[in-house]
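Residue-level listing of the chains:
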Amino acid sequence: MNLEARYRQACQRANAARGRLSITAEEAKARVAPARLKQDVKDRASNAVLNGVANAAAQAQQRPVAIAAAATAFGLFLARRPLAALFQRLYVRFQDTQVDNSETDDG
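This brings us to the overall build of the protein chain. Counting its regular elements, the protein chain contains four helices and zero strands. When the helices and strands of the protein chain are read in sequence order from the N terminus, they spell out α-α-α-α. Rg of the C-alpha trace for the protein chain: 37 Å, well past the compact-globule value of 13 Å for 107 residues, more than 25% over. Dimensions of the protein chain, computed from the C-alpha atoms along their principal axes, are close to 130 × 35 × 20 Å.

See the structure below:
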């Protein structure tokens, strides 16, 4: 192969590499566009939520009693102040030995 043929092949390879670089640059530019990044984040978040829900459903099917106990404990934790107030009122009512009979007087 003579020098001229090798030079032409090198020029063709350089033009092909330049074309690939141009295409890659355009693809990278499209990927870092704010709208594309925002959509990617939304897609990943929704996939993570769906995977979490599917995993929780699978765990609930495997251990329904444990999941129900955990949900009950969490509900009691969330309602601890109203429950404490209720038990406090009931405790005071049961401990109150003086009966107010003003409503039940026959007179």
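Time to look at helix H4 (residues 80–95). What sets the pattern is the α-helix's 3.6 residues per turn: residues three or four places apart point alike. Over its 16 residues, H4 extends 22 Å from the first C-alpha to the last, a length consistent with the 22 Å expected when each residue adds 1.5 Å. For H4, the buried fraction is low: zero of the 16 residues fall into the buried class.

Let us look at a nonpolar patch on the surface. Taken together, the side chains of Leu86, Phe87, Leu90 and Phe94 present a nonpolar region at the surface, about 420 Å² in accessible area. Residue position: Leu90 is located in helix H4.

Taken over all residues, the pLDDT of the protein chain has a mean of 87, while the share at 70 or more is 92%. Looking over the protein chain, one finds the lowest element-wise mean pLDDT in H4, namely 87, and the highest in helix H3 (residues 64–78), namely 92.

Take the pattern of salt bridges next. Enumeration according to the criterion identifies two salt bridges in this entry. Linking Arg8 and Glu4 is a salt bridge whose minimum nitrogen-to-oxygen distance equals 2.5 Å. With Arg8 and Glu4 both in helix H1 (residues 3–31) and four residues apart, this pair spans about one turn of that helix. By relative accessible area, which is 48% here, Glu4 ends up partly exposed. Residue Arg36 is joined to Asp40 by a salt bridge in which the shortest nitrogen-to-oxygen separation is 3.9 Å. Note that Arg36 and Asp40 are positioned in helix H2 (residues 34–62) at a spacing of four residues, about one turn of the helix. You can call Arg36 partly exposed: its relative accessible area is 40%.

Another aspect to go through is the packing of aromatic side chains. Following the criterion strictly, the structure yields zero aromatic pairs and no others. Sitting over the face of the ring of Phe77, Arg80 holds its NZ or CZ atom 4.4 Å from the ring centroid.

Parameters and conventions
- Residues numbered from 1 in each chain as written.
- Predicted model: local features only at pLDDT ≥ 70, side-chain atom pairs only at ≥ 80, totals over all residues.
- Heavy atoms only, no water.
- Helix = DSSP H or I, 4+ residues; strand = E, 2+ residues; numbered from the N terminus.
- Rg over C-alpha atoms; globule rule 2.2 N^0.38 Å.
- Expected span 1.5 Å × (residues − 1).
- Buried < 20%, exposed > 50% of the residue type's maximum accessible area, 1.4 Å probe, protein only.
- Patch = residues over 30% accessible without salt bridge, like charges linked within 9 Å, V, L, I, M, F, W, Y side chains within 5 Å.
- Areas by Shrake-Rupley, 256 points an atom, 1.4 Å probe, with all protein chains shown as cover.
- Salt bridge = Lys/Arg side-chain N within 4 Å of Asp/Glu carboxyl O.
- pLDDT = per-residue confidence, 0-100.
- Phe/Tyr/Trp six-rings, centres within 6.5 Å; stacked < 30°, edge-to-face > 60°.
- Lys NZ or Arg CZ within 6 Å of the ring centre and 35° of its normal.

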